[in-house]
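One-letter residues, chain by chain:
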Amino acid sequence: MASESRRPPVVGLLALQGDFAEHAVALAAHGLPTREVRRSADLAGLGGLVLPGGESTTMLRLLDVEGLWGPLGAALRSGMPVFATCAGLILLAQRVESPAQRSYGLLPVTVVRNGYGRQYHSGTFALESAVLPRGTSGTFIRAPRITHVGPGCEVLARRGSDPVLVRAGPVLGACFHPELQERHPVVAMFAADVCAHGSAQPAEAG
Amino acid sequence: MTQKHKQQVPGFTAEEVVSKIGFCKQLEGGVIMDVVDAEQARIAEEAGACAVMALERVPADIRKHGGVARASDPEMIAAIQKAVSIPVMAKVRIGHFVEAQMLEAMEVDCIDESEVLTPADEQFHVDKRRFRTPFVCGCRDLGEALRRIHEGAAMIRTKGEAGTGNVVEAVRHMRAVTSQIRELRGADDKALEKKASELRVPVELVAWVAENQKLPVPNFSAGGVATPADAALMMQLGAEAVFVGSGIFKSGNPAIRARAIVRAVTHCNDPKVLVEVSKGLGEPMVGIDITTLAPQERLAGRGI
């Protein structure tokens, strides 16, 4: 938690389309305020960024139309904590298949879109992880499947043998939706990243 | 304390809340477009649709051609599933659970039990709890919304008056739902019991809505949306996403209009963006003044 003398950092939620409102509720439970990001001006002064679930093709199209592709990329590379779920993970992957599409390439993974099948195959599955509490599960919704993990990428959790929670530096990516579950430890993990990053930064004037 | 209820929706298992309602939440802030073939589906996806609704005839044509409107040819739905990577929805007639079984067997991502098709059962809707696939249903007021949710709908949309290009009914239905939710604020146990009996739903559902001041499932809008301004209007009135039926592919330039409506939903509170996206869209679909429709021509009265 941030000390009393400073306000908690504001987390930006990419709000072009998707379940950004769920992320706002999940982060509020950790005392973190959020700001919806729809234009480049919304990126100023953030202490963290969330790329939510939704449709990655819709988000890509709007990133271009809004002139947000470049400014968002700069923010993502600035070193602040980033949390990407489902479609957000697809936007950050190094390589996207089925079909191939453009991405930021910040996470050295290959993802296959809808790699676990259509909505009929969606559901909550057990996770195997050395860093999450025993019994932690993840809800996968038309989820991307990580088929290759490159150097510099740490696998934090698996579903069966598939990596489903990965980290590369300040970027945390999940194939599933921790924001949909009550008090999910992965949201707590990101909230701790944001607070730690915030207290390492010089306090803002005023 | 809304947080307390996040995992609890009366009548839904915790797993259904995250997997069925969770799927519908992924569509929020998006536009779901009616398409009749793979080519239109590709145009919709390219324009930024968050899902497509596969059907043989858009509502405006169902109106024009008359006859019995049924679920679409599986071959046509399969061609659309193959053509795009975004979710594909399809419609079944009200109460036609076999059409729904067939769509589930095809792994359609979401089933719309729709008043736009000719109802198959005048007494019962599909028992949506028996399906793994999430359902969306239309409503005109809070009672219809809660009855559909009680039957297992994971998403609600206004009925509006489909195929008219006239947003007035969608506005009426959205306002009815939100004002009836507001009226429940602070209701005591006796008032909740009375309301539940009046609406013919369990009191737990009415109590959830009274306490949380919203529906327990996403509340989308449909029926008569034809312009970016219509879509933004529905969003500002409280819709979490918008279905556009005939409004896109019955207009002069579908690709440009589709893109404009997608952007209008994202920036629904920014009139400057709405001005920009509304320029030079070409001809909108020709609308119908709803007061000129005979009662039997109105679709919204089906399936109450």
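Just so you know, these numbers come straight off a predicted model, no measurement behind them.

### With respect to the confidence of the model for chain B
All names here are of chain B. Put simply, chain B has an average pLDDT of 94, and 98% of its residues get 70 or more. Low confidence marks residues 1-5, where pLDDT is under 50. Its contacts with residues over four positions away, or in another chain, come to nine contacts. Prediction confidence for the complex, expressed as pTM and ipTM, is 0.95 and 0.94 respectively.

### Let's talk about the packing of helix α6 (residues 142-151) of chain B against helix α9 (residues 203-212) of chain B
Residues and elements named next belong to chain B. Across the interface, α6 lies against α9 with an axial gap of 11 Å and an inter-helix angle of 120°. Considered as vectors, α6 and α9 are oriented oblique to each other. The handedness of the crossing between α6 and α9 comes out as right-handed. Contacts from Leu 146, Ile 149 and His 150 of α6 reach α9 at Leu 205, Val 206 and Val 209. Here the residues of the contact of α6 with α9 are counted per class, giving five nonpolar, one polar and no charged.

### A look at the pairing of strand β4 (residues 82-85) of chain A
Residues in a regular strand project their side chains so that they alternate between the two faces of the sheet. Residues and elements named next belong to chain A. Here β4 shows a buried face lined by Val 82 and Ala 84 and a second buried face lined by Phe 83 and Thr 85. Note: strand β3 (residues 48-51) against β4, three bridges, orientation parallel. Pairing of Val 50 across the sheet is with Phe 83, part of β4. The pairing of β4 with strand β12 (residues 171-174) spans four bridges and is parallel. Each residue of the ladder has a partner; that of Thr 85, found in β12, is Ala 174.

### Considerations on the interface of chain B and chain A
Contacts between the two partners involve 39 residues from chain B and, on the opposite side, 38 residues from chain A. Buried surface at the junction of chain B and chain A, both sides included, amounts to about 3300 Å², of which 48% is carbon and sulfur. Our count for the chain B to chain A interface comes out at four salt bridges. Salt-bridge contacts for B:Arg263 lead to A:Glu66; the nearest nitrogen and oxygen are separated by 2.9 Å. Going through the elements one at a time, α1 (14-25), α2 (38-47) and α12 (254-266) of chain B are the ones with two or more residues in the side of chain B that touches chain A. Of the residues assigned to the side of chain B that touches chain A, the class counts are eleven nonpolar, 13 polar and 15 charged.

Criteria and cut-off values
- Residues numbered from 1 in each chain as written.
- Chains lettered and ligands numbered in written order.
- Predicted model: local features only at pLDDT ≥ 70, side-chain atom pairs only at ≥ 80, totals over all residues.
- Heavy atoms only, no water.
- pLDDT = per-residue confidence, 0-100.
- Contact = heavy atoms within 4.5 Å.
- Axes fitted to C-alpha atoms, helices over the stretch in contact; angles between N-to-C directions.
- Helix = DSSP H or I, 4+ residues; strand = E, 2+ residues; numbered from the N terminus.
- Parallel < 35°, antiparallel > 145°, perpendicular 65-115°, else oblique.
- Left-handed = near helix turned anticlockwise from the far one by under 90°.
- Nonpolar A, V, L, I, M, F, W, Y, C, P; charged D, E, K, R; others polar.
- Buried < 20%, exposed > 50% of the residue type's maximum accessible area, 1.4 Å probe, protein only.
- Pairing = 2+ DSSP bridges.
- Buried area = accessible area lost by both parts, 1.4 Å probe.
- Salt bridge = Lys/Arg side-chain N within 4 Å of Asp/Glu carboxyl O.

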